[in-house]
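Here's the letter readout for the chains.
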Amino acid sequence: MEFHYNRKVEGLLMKKGLFILCLLLALCVAAVPVQAAEAVHSGTCGENLTWELGWNGNLTIKGTGDMYHYLISYGSDKYPAPWYDYREDVTTITVEEGCTSIGNYAFYYCQYATELTLPESLTALGSNSFSSCYGLTEVVLPDGISEIPDSCFYYCGKLSSVQWPASLTTIGSNAFNSCNLGNLVIPEGVTTLGQYAFGGNSNLTKLTLPSTLTEVADYTFSRMWNVKDFIFKGD
């Protein structure tokens, strides 16, 4: 039997083999689950609320109703949020529609979170709930919130923009202390400002107060060295 070597046939076989190999690799890749979509940590944070932290750094709150309250202290009395030990992995915080309140100290010290999304169903924030979230630069607060409690955004050092809720009446003590606000326009409807509420915003250059304001605590605007324009809309 004679065997005739044919380079053309060899080339075709090699191309077919390469095609089959690429096809098999593509099928294998497609079969691997996408880690970014999976939760690496999860649990409950309210009677009808759950939380998930994904590979992509997105901390998501799902469900309905109120979130549990938490506590961070330097003593033995301490019960942090269940994601507190993973706080350095959090890059975005998403609270989905259905949640009605954020607990005390809920997202305390999530310092690498740069994005925050809150639902329209939200009606209450907890004290210190976003304290020391250094990475946040802007916040949009849902219209159902009437009070921003004590130290809510305390020491959010990059926070320069706040969209105020339509029903806001009270801003608590230290609520925005040591943030990075540059032009502060407190909206009509606000009646009360707590101690040191905006203290330490040293980059602030313009301050506008509403005609509805009736109570301003001591040191509300302390350490705001660079204010050049001040407007009070009341009598």
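Note: the structure precedes this text.
Residues numbered from 1 in each chain as written. Predicted model: local features only at pLDDT ≥ 70, side-chain atom pairs only at ≥ 80, totals over all residues. Heavy atoms only, no water.

Participant: Go over the pairing of strand 14 (residues 206-209) with me, naming the residues and quoting the values.
Facilitator: Summarising the sheet, strand 12 (residues 183-185) and strand 14 pair through three bridges and their orientation is parallel. The partner of Val185 across the bridge, within strand 14, is Thr208. Looking at chain direction, strand 14 and strand 16 (residues 229-232) are connected through four bridges and run parallel. The residue bridging Thr208 from the neighbouring strand is Ile231, located in strand 16. (Pairing = 2+ DSSP bridges. Helix = DSSP H or I, 4+ residues; strand = E, 2+ residues; numbered from the N terminus.)

Participant: Tell me about the sheet that holds strand 1 (residues 39-46), and please be specific about residues and values.
Facilitator: On the basis of which strands lie adjacent, the open sheet formed by five strands has the order 1-2-3-5-7 and mixed pairing. On the outer flanks of this sheet lie strand 1 and strand 7 (115-117), each paired with one strand and no other. For this sheet, the mean angle separating the axes of adjacent strands, direction not counted, is 15°. With three bridges connecting them, strand 5 (residues 92-95) and strand 7 associate as parallel partners. (Axes fitted to C-alpha atoms, helices over the stretch in contact; angles between N-to-C directions.)

Participant: Report on the environment of Val162, specifying residues and quantitative values.
Facilitator: Among the structural elements, Val162 can be located in strand 10 (residues 161-163). A relative accessible area of 15% means that Val162 is categorised as buried. (Buried < 20%, exposed > 50% of the residue type's maximum accessible area, 1.4 Å probe, protein only.)

Participant: Which residues make up the sheet that holds strand 15 (residues 215-216), and what values go with them?
Facilitator: Sheets are built from strands paired through backbone hydrogen bonds, the pairs being either parallel or antiparallel. With parallel pairing, the four strands of this open sheet are ordered in space as 9-11-13-15. This sheet does not close on itself; its edge strands, each paired only once, are strand 9 (147-148) and strand 15. Where strand 13 (residues 192-193) lies against strand 15, two bridges are found, and the strand directions are parallel. When the bridges of strand 15 are listed, Thr192 appears paired with Glu215.

Participant: Pulling in residues and values, what's your account of the pairing of strand 3 (residues 58-63)?
Facilitator: Of the strand pairs in this sheet, strand 2 (residues 49-54) and strand 3 are connected by five bridges, and their pairing is antiparallel. Each residue of the ladder has a partner; that of Leu49, found in strand 3, is Gly63. Where strand 2 folds back on strand 3, the antiparallel hairpin that results is connected by three residues, among which Gly57 adopts a positive phi of roughly 85°. Pairing of strand 3 with strand 5, which is carried by four bridges, proceeds in the parallel orientation. Bridging across to strand 5, Thr60 finds its partner in Thr94.

Participant: Go over the packing of aromatic side chains, please, and point to the residues and values.
Facilitator: The tally for this structure, following the rule as stated, stands at 15 aromatic pairs. Seen in terms of ring centroids, Phe153 and Phe176 are 5.3 Å apart; in terms of plane orientation they differ by 10°. Their pairing is stacked. Remark: Phe176 occurs in the loop between strand 11 (170-171) and strand 12 and Phe153 occurs in the loop between strand 9 and strand 10; sequence separation between them is 23 residues. Pair check on accessibility: Phe153 and Phe176 agree, each one buried. Here Phe198 and Phe221 contribute two aromatic rings whose centre-to-centre distance is 6.0 Å and whose plane-to-plane angle is 10°, an arrangement assigned as stacked. (Phe/Tyr/Trp six-rings, centres within 6.5 Å; stacked < 30°, edge-to-face > 60°.)

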